[in-house]
Amino acid sequence: MTETCTVCKRKPPVYFRKYSGEKLCKKCFCESIEEKVRATIAKYEMLEFNDKTMIAVSGGKDSLTLLRILHKIEQEFPKAEICAVTIDEGIKGYRDEAVKLAEQAYAELDIEYTVLSFKELYGYTLDEIAEIARKRGKGLTPCAYCGVLRRRAMNIAAKKANATKLATAHTLDDEAQTVLLNLFHGDVWRIARVKPVTDEVHGGLVRRIKPLCEVLERETALYAYFKKIRFQSVPCPYAGTALRNDIRSMLNRMEEKHPGIKYTVFRSAEKIREALEESLEKGELRTCEVCGEPTVGRICKVCEVLEELRINVE
Ligand code: SF4
Ligand code: ZN
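Residues numbered from 1 in each chain as written. Chains lettered and ligands numbered in written order. Predicted model: local features only at pLDDT ≥ 70, side-chain atom pairs only at ≥ 80, totals over all residues. Heavy atoms only, no water.

Visitor: Teacher, can you tell me more about the site of ligand 1 here?
Guide: With respect to spatial proximity, the complete set of residues near ligand 1 consists of L126, C143, C146, R150, C236, Y238 and A239. Element by element, the count of residues in the shell around ligand 1 is highest for helix 6 (residues 142-160), at three residues. Partitioning the shell around ligand 1 into residue classes produces six nonpolar, no polar and one charged. (Near = heavy atom within 4 Å. Helix = DSSP H or I, 4+ residues; strand = E, 2+ residues; numbered from the N terminus. Nonpolar A, V, L, I, M, F, W, Y, C, P; charged D, E, K, R; others polar.)

Visitor: Got a minute to help me understand the pattern of salt bridges in this structure?
Guide: One side chain can pair with another of opposite charge once the charged atoms of both are near each other. With the rule as written, the count across this model stands at 29 salt bridges. For K262, the salt bridge is made with D173, and the minimal N-O distance between the two is 2.7 Å. With K262 in helix 11 (residues 261-279) and D173 in helix 7 (residues 172-184), this residue pair connects regions lying 89 residues apart in the sequence. Each of the two residues, K262 as well as D173, counts as buried. Among the ionic pairs, E270 bridges to R267, the shortest N-O distance being 2.7 Å. Of this pair, E270 and R267 both sit in helix 11, separated by three residues, roughly a single helical turn. Note on E270: relative accessible area 5%, which makes it buried. Overall, the relative accessible area of 27% leaves R267 in the partly exposed class. Beyond isolated ion pairs, a larger network of salt bridges with shared partners links R17, E22 and E219. (Salt bridge = Lys/Arg side-chain N within 4 Å of Asp/Glu carboxyl O. Buried < 20%, exposed > 50% of the residue type's maximum accessible area, 1.4 Å probe, protein only.)

Visitor: Looking at this structure, how should I read the coordination of the zinc ion (ligand 2)?
Guide: Between any two of four tetrahedral donors, the ideal angle at the metal is 109.5 degrees; between two of six octahedral donors, it is 90 or 180 degrees. Protein ligation of the zinc ion (ligand 2) involves C288 (SG), C291 (SG), C300 (SG) and C303 (SG), the donor distances falling in the range 2.3 Å. The coordination sphere of the zinc ion (ligand 2) comprises four donor atoms, whose angles at the metal cover 105 to 115°; the geometry is tetrahedral. The sequence pattern formed by the donor residues of the zinc ion (ligand 2) is C-x2-C-x8-C-x2-C. Remark: C303 occurs in helix 12 (residues 301-313) and C288 occurs in the loop between strand 8 (286-287) and strand 9 (294-295); sequence separation between them is 15 residues. One exposure class covers both C288 and C303, and it is buried. (Donors = N, O, S within 2.8 Å, 3.2 Å for Na, K, Ca; no water. Tetrahedral: all angles 85-135°; square planar, octahedral: opposite > 155°, others 65-115°.)

Quick look at the structure:
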């Protein structure tokens, strides 16, 4: 007897989901991913029926998959709206192709979007920033600059579009890696702050949601493949040295041997978070004296970074 899909019991399976034991056909696999995203949104109360959600799309498989799925879900809620943003950090030979792919997807799905570059927002491309930092022989890593400046850029874009939520395509892999990264950095308190949906802490900070936080990265890749989504697959030239890469390989090896372990790490962090949250001070956010964006201190991290870069250039 030929084998059939665990769910529909008709078609031949094309994917074996190791952690659940299911063997799925193409259609049931894709539906299971969409269903997972719907369930995650409901579980964490990520969206309200009249939200305008801005989706941050890098042009990689995760963000283009998220765009496709949220576009589909949006059709079920007549009062909900979606739009998208692509941040162009200015990484030569890498970002240009990704921006093109993102724009093609927006046109195909007829989605309102903006492309915002570091250059127009801050006066420097990430390449220029990396070069300045390299010449100085100190400063942050390109990824650290990139992270701080991209988060701000996304928030600015979301506010401009009057979006009430900002969705990023962090997968279960990203979330499990972040938990271990925070542990390895000795930054246990950060575990309490990284959440599938951020709290409302300041009127100027659009709440961020991660609807793919319970989907494995290999499954977003497979979804993209089955749906014939064209995405950029070349890695960022700055990605090579980060500790995150070592953690990624380690977690992938562990998941292979012990299916479900990434989810266990993610769930453990949720429990730690619940315990930590009680003793965590809920500090009020202030307004940066230079740019007026929300900040913990007197001056925000972005203005600090830009000030540092300027001093060096002169
Ligand atoms: Fe930015 Fe680092 Fe990601 Fe490259 S790998 S896009 S530098 S955060
Ligand atoms: Zn500032």
